[in-house]
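# Per-entry structural report
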Amino acid sequence: AQRVTQPEKLLSVFKGAPVELKCNYSYSGSPELFWYVQYSRQRLQLLLRHISRESIKGFTADLNKGETSFHLKKPFAQEEDSAMYYCALASGGGGNKLTFGTGTQLKVEL
Amino acid sequence: DAGVTQSPTHLIKTRGQHVTLRCSPISGHKSVSWYQQVLGQGPQFIFQYYEKEERGRGNFPDRFSARQFPNYSSELNVNALLLGDSALYLCASSLLGRETQYFGPGTRLLVL
């Protein structure tokens, strides 16, 4: 069975400090991983998709198959980064079921 | 484009009742998925529909059912409501079912 683990419920950092949100997964097939973000009073939206290898809003994430991890990183946190972040894994087959982690609340303090 | 829309935004029901939640996907998107998000948890997959056919089903009881209409909108039905069904129900659409999913604002259901 596939599983996504986000070990931190809350991560508090100071503005300008580096950020790393942890995500580990368990999946027997070839994983497709995502980071979704939910800002206050907004809908869930895609931040990153590992196959696109983009940097969005300064965030990057590298898939490490050896460590089964997909940690989200940003070198310098901004106040507007405060939000709820979810790591998700897509299963294969004909559909696209997403399995989400429990989320990490990032709080950037001034 | 307004994005994915869901109705109603909030709903209060009592145990044993049934509920119907509605979702309109982004124009041109043919796949709709439903997720349940209980407070403090990540969204949990319930169903995926593509071209009006069920393409995936999560670990939910038969009280949960869904369908997709010719215009690609979708309904999620839950019968014999339990207190534990209280949650935010999210709908997501994607173009053909295997791409990025775009989420709606959700319907918050409270079962008393």
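Residues numbered from 1 in each chain as written. Chains lettered and ligands numbered in written order. Predicted model: local features only at pLDDT ≥ 70, side-chain atom pairs only at ≥ 80, totals over all residues. Heavy atoms only, no water.

## With respect to the interface of chain A and chain B
How we decide: Two residues form a contact once any of their heavy atoms are found within 4.5 Å. Put simply, buried area is the surface a 1.4 Å probe can reach on two separate parts but cannot reach once they are joined, added for both. Note on definitions: salt bridges are taken to be side-chain nitrogens of Lys or Arg within 4 Å of carboxyl oxygens of Asp or Glu. Each helix corresponds to a stretch of at least 4 residues labelled H or I by DSSP, and each strand to a stretch of at least 2 residues labelled E; elements are numbered beginning at the N terminus. Side-chain classes follow a simple rule in which Ala, Val, Leu, Ile, Met, Phe, Trp, Tyr, Cys and Pro form the nonpolar group, Asp, Glu, Lys and Arg form the charged group, and the remainder, Gly included, forms the polar group.
Residue-level contacts link 17 residues of chain A with 21 residues of chain B. The contact between chain A and chain B buries some 1600 Å² in all, and 45% of this surface belongs to carbon and sulfur atoms. For chain A, the biggest contributors to the area lost against chain B are R43, L44 and N96 of chain A; these three give 33% of the whole. Inspection of the region where chain A meets chain B yields zero salt bridges. At the level of secondary structure, the elements contributing two or more residues to the side of chain A that touches chain B comprise β6 (45-49) and β10 (98-100) of chain A. Partitioning the side of chain A that touches chain B into residue classes produces six nonpolar, seven polar and four charged.

## Comments concerning the side chain of S93 of chain B
All names here are of chain B. Selection criterion: Per-residue accessibility, obtained with a 1.4 Å probe over protein chains only, is compared with the maximum for each type, and a residue is labelled buried under 20%, exposed over 50%, and partly exposed between these values. Counting of polar contacts relies on pairs of N or O atoms within 3.5 Å, with two restrictions inside protein: one atom must be capable of donating a hydrogen and the other of accepting it, and residues adjacent in sequence are counted only when both atoms are side-chain atoms.
Within the fold, S93 resides in strand β9 (residues 87-94). With a relative accessible area of 0%, S93 lands in the buried category. A distance of 3.4 Å separates the side chain of S93 from the backbone nitrogen of I26, its partner in a polar contact. Once residues lying within four places of it in the same chain are set aside, the contact partners of S93 are V4, P25, I26, H29, S31, V32, T100, Q101 and Y102.

## Regarding the pairing of strand β6 (residues 53-57) of chain B
Residues and elements named next belong to chain B. Applicable threshold: At least two bridges found by DSSP between two strands is the condition for calling them paired.
Relative to β6, strand β5 (residues 44-50) runs antiparallel, the two being bridged by four bridges. Its bridge partner being in β6, Y50 is matched across the sheet by E53. Counted between consecutive antiparallel strands, the loop separating β5 from β6 contains two residues, among which E51 sits at a positive phi close to 50°.

## Examining the state of the cysteines
We count it as follows: Cysteine sulfur atoms are paired as a disulfide whenever they fall within 2.5 Å.
With the rule as written, the count across this model stands at two disulfides over all chains. The disulfide partner of C23 of chain A is C87 of chain A, and the S-S distance across this bridge is 2.0 Å. Here the S-S torsion is close to -65°, and the disulfide linking C23 of chain A with C87 of chain A is therefore left-handed. Here C87 of chain A lies in strand β9 (residues 83-90) and C23 of chain A lies in the loop between β3 (19-21) and β4 (24-26), a separation of 64 residues in the sequence. Overall, C23 of chain A belongs to the buried group, its relative accessible area being 0%. Here C23 of chain B pairs with C91 of chain B through a disulfide, and the sulfurs are 1.8 Å apart. Negative torsions about the S-S bond denote left-handed disulfides, and the value of about -60° found for C23 of chain B with C91 of chain B makes this one left-handed. Here C23 of chain B, found in strand β3 (residues 19-24), pairs with C91 of chain B, found in strand β9; they are 68 residues apart in sequence, far enough to count as distant. Summarising the burial analysis for this pair, C23 of chain B and C91 of chain B share the class buried.

## Examining the pattern of salt bridges
Note on pairing: side chains with opposite charge can pair once their charged atoms come close. Under the definition given, this model contains 10 salt bridges over all chains. Among the ionic pairs, D62 of chain B bridges to R57 of chain B, the shortest N-O distance being 3.6 Å. A relative accessible area of 70% means that D62 of chain B is categorised as exposed. Between D85 of chain B and R63 of chain B there is a salt bridge; the shortest N-O distance is 2.8 Å. Here D85 of chain B is found in the loop between β8 (74-78) and β9, whereas its partner R63 of chain B is found in the loop between β6 and β7 (64-68), with 22 residues between them in sequence. Across the pair, R63 of chain B and D85 of chain B agree in class, each one buried. Connected via shared salt-bridge partners are E20, K22 and K73 of chain A.

## Details of the layout of surface pockets
The criterion, for reference: Cavities and pockets are found on a 1 Å grid laid over the protein atoms alone: a cavity is a set of points where a 1.4 Å probe fits but cannot escape, a pocket is an open set with protein on both sides within 12 Å along at least five of seven lines, and a lining residue has an atom within 4 Å of such a point. Grid points are joined across faces, edges and corners, and a volume is the space filled by probe spheres set on the points.
Each pocket or cavity is described by its volume, and for the largest pocket that value is around 550 Å³. Lining the largest pocket are 23 residues, and of these Q38 and Q42 of chain A together with Q37, L88 and R108 of chain B sit closest to its centre. Element by element, the count of residues in the lining of the largest pocket is highest for β9 of chain A, at three residues. Split into classes, the residues belonging to the lining of the largest pocket amount to eight nonpolar, 12 polar and three charged. For the second largest pocket, the calculated volume is near 420 Å³. Put simply, the parts of the chain that give the lining of the second largest pocket at least two residues each are β1 (3-5) and β10 of chain A together with β5 of chain B. At three residues, the largest contribution of residues to the lining of the second largest pocket is made by β10 of chain A.

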